[in-house]
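Each chain, written out:
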Amino acid sequence: MVVGSRKLLLLILLLNITGPSGEKSCWGVTYSTQNICSLIGSSVDIHSYFTFPDHYKLTKVFWFIKRQAGVEPVDVRDDEEYQGRVQYTQISQNNCSLRITNLTERDAQTYRIRFYTVWGYYTGVPGVSLSVTDLKVTVSAWREKYMTLSCITTCTLSNNPTYIWYKNRQRVSECESASCSVAAVGGVVSYSCAVEGLYSLLSPPVYSPKNTRAVVLFSGDTVEGDSVTLSCSSDANPPVLTYSWFKAAADILLTTDQNYSISNLRSQHSGLYYCTAHNQLGQHTSAPTHLDVKGVQARHSLTLSSQSLCAVTGSTVKFPCTLRPGHSSVTQRQWYRVQSSEGEPRDMSKDPQYSQRVSVSTARSDCEMTVRNVSASDSGVYNFRFKTQSSNWISASSGVHLTVTGPSGEKSCWNVIYSTQNICSLIGSSVDIHSYFTFPDPYKVTKVFWFIKDQAGVEPVDVREDEEFQGQVQYTQISQNTCSLRITNLREKDAQTYGFRFYTDGGNYTVNLESLC
């Protein structure tokens, strides 16, 4: 037995002896593996073994990742991205291992070793490819009241680890592989996975729906005739598959969509509504939300009678405004000047520029503003807004444009604008012809009418008094500054040019006529 051992040793020694011409074959690097897969946050050891002619002496050895022709590679210990995370272990005459701690995604690289002797250096290629991954749990579909959970990675973990499963943060002893079969349970449940020895590197959990909420997507009061949407939200992983909406007491399924919409609300729609969120792991039901449908008398109403006002410097201007707050009490109200820059509107009654010149009616349904001693700098757009106990600020859809001119410019305040200059309509149909007019604010409108026959020195005839239009015409949308003419059951002879005239206590005004074909 002793003799046999000596023969084996002699044979090995002979195989490693080479002549001078074969010295090149003595240089080499061997890696323990060509590919490694490790978890993000864990540590990894990459091993190498190298050889060189025995009579040379090792002077330097290091690991690197970036290799460029003609450029000395950088020792990973000197790389800023690896500071404090790498060390060389088991360094001896012929081996050196690289340890990287707290692995990140950017550490997925190819690592190589280079060693130097007094006669030159050698680089081990191709190196070791390191992949890094995290853990993720996927959920299969139900099968006979069971489902399969899988702990997956983007690469195959090295060393064939043992998997650990947790249910509601408690270890599941019967599952030790990458897959785990679990039964359906009630209530909120969560699952996560890890690998043996790396208990802190848990996967993000998968869990049944929780924190489910039902809300009414509506600001302010919901009133009969309105439309409303109820929305269900829930925190779930995997995401919610389906939602179910119910009305309390009846418990009848209303929809399986995330949102439930009701149009043309009626008082019978009032009540408690709740929703249930479902995913592969279970379901969760929200607390009920209350939908209170109020009568039409509860609807807010805000009307600015004029869209445009024109005034002379030094005069007083009134901004007509009507407010019907409905069911809720008004808690705040204010006029403000519309500015081009963003920011919270400024209450004019508290603005030093206006506070001494502005007064606002405090009557419940009246919000008229009076501005005294106006000047050219007051020209601009003004709007009104209010708050109620159940709503945030509510503003008029469009404000009032004020133009202030000097005494010589009063004429520019008189104007009529038609929505169009030409209209073409079918015989037998109806048509609406719109006008918008302005005049100096101190004056009051005394009379408005539409006409078709305009003769010099002759007062035109109101179309409502024209025998040819009897029963066919009416004035609609009459306000402080608008008046529309509606003609029904159109005939060929209705093809005329229509004009609008208005009278104030300071005179009358007529502008170009509008043609109807």
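The model shown is predicted, which means the values in this text are computed figures rather than measured ones. (Residues numbered from 1 in each chain as written. Predicted model: local features only at pLDDT ≥ 70, side-chain atom pairs only at ≥ 80, totals over all residues. Heavy atoms only, no water.)

Caption draft 1: Structural context of the pairing of strand β36 (residues 400–405). With 5 bridges connecting them, strand β28 (residues 308–312) and β36 associate as parallel partners. Within the sheet, the bridge partner assigned to C310 lies in β36 and is T403. Where strand β34 (residues 380–388) meets β36, 3 bridges bridge the pair, whose relative direction is antiparallel. In the sheet register, G380 faces β36, and the bridge partner there is L402. (Pairing = 2+ DSSP bridges. Helix = DSSP H or I, 4+ residues; strand = E, 2+ residues; numbered from the N terminus.)

Caption draft 2: How the structure looks around the packing of aromatic side chains. In the structure shown here, the tally under the stated rule is 27 aromatic pairs. Centre to centre, the rings of F52 and F115 are 5.7 Å apart; their planes meet at 40°, and the pair counts as tilted. Of the two residues, F52 is situated in the loop between β4 (48–51) and β5 (58–64) and F115 in strand β8 (residues 110–117); the sequence distance between them amounts to 63 residues. A residue is classified by how much of its surface remains accessible, and F52, at 9% relative accessible area, is buried. Here F115 falls in the buried class, since its relative accessible area comes to 0%. A network of ring pairs unites the aromatic residues W27, F50, F52, Y56, F115, W119 and Y122 as a single cluster. Here the basic side chain of K60 rests over the ring of Y116, its NZ or CZ set 5.5 Å away from the ring centre. Directly above the aromatic system of W393 lies the positively charged group of R385, at a separation of 3.8 Å from the ring centroid. (Phe/Tyr/Trp six-rings, centres within 6.5 Å; stacked < 30°, edge-to-face > 60°. Buried < 20%, exposed > 50% of the residue type's maximum accessible area, 1.4 Å probe, protein only. Lys NZ or Arg CZ within 6 Å of the ring centre and 35° of its normal.)

Caption draft 3: Looking closely at the confidence of the model for the protein. Mean pLDDT over the protein works out to 84, with 89% of the residues at or above the 70 mark. A low-confidence stretch, residues 1–19 (pLDDT under 50), is modelled with 2 contacts involving residues beyond four sequence positions or located in other chains. (pLDDT = per-residue confidence, 0-100. Contact = heavy atoms within 4.5 Å.)

Caption draft 4: Fine view of the sheet that holds strand β32 (residues 358–360). The sheet built from 3 strands is open, its strands ordered β29-β33-β32 with antiparallel pairing. Here the strands that pair on one side only, and so sit at the sheet edges, are β29 (317–319) and β32. Neighbour-to-neighbour, the strand axes of this sheet turn through a mean angle of 15°, independent of strand direction. (Axes fitted to C-alpha atoms, helices over the stretch in contact; angles between N-to-C directions.)

Caption draft 5: Examining the environment of T446 more closely. In this fold, T446 is placed in strand β40 (residues 445–451). Exposure remark for T446: the relative accessible area of 54% places this residue in the exposed category. The residues contacting T446, other than those within four sequence positions of it, are Y503, T504 and D505.

Caption draft 6: Representation of the state of the cysteines in the model. Under the definition given, this model contains 5 disulfides. Covalent S-S linkage joins C37 and C155, the inter-sulfur distance amounting to 1.9 Å. In this structure the cystine formed by C37 and C155 twists about its S-S bond by roughly 70°; its chirality is therefore right-handed. With a gap of 118 residues between them, C37 in strand β2 (residues 35–39) and C155 in the loop between β12 (146–152) and β13 (163–167) connect regions that are remote in the sequence. Classification of C37 as buried rests on a relative accessible area of 6%. A sulfur-sulfur distance of 2.0 Å marks the disulfide that ties C151 to C193. Judged by the torsion about the S-S bond (65°), the C151/C193 disulfide is right-handed. Linking C151 in strand β12 with C193 in strand β16 (residues 190–195), this pair joins segments that are 42 residues apart in sequence. (Disulfide = S-S within 2.5 Å.)

Caption draft 7: The pattern of salt bridges, seen in detail. Here the structure, examined in full by the defined rule, presents 12 salt bridges. Its salt-bridge partner being D45, residue R99 comes within 2.7 Å of it at the nearest N-O pair. Separated by 54 residues along the polypeptide, R99 in strand β7 (residues 97–100) and D45 in strand β3 (residues 44–46) bring together distant segments of the chain. Residue classification places R99 among the partly exposed positions, given a relative accessible area of 31%. (Salt bridge = Lys/Arg side-chain N within 4 Å of Asp/Glu carboxyl O.)

Caption draft 8: Representation of the nonpolar core in the model. Counting 29 residues, the largest nonpolar core has W63, L98, I100 and Y111 as its most contacted members. If sequence neighbours within four positions are ignored, Y111 has contacts with Y31, I46, W63, F64, I65, Y82, L98, I100, G127, V128 and L130. (Core = buried A, V, L, I, M, F, W, Y, C linked by side-chain atoms within 4.5 Å.)

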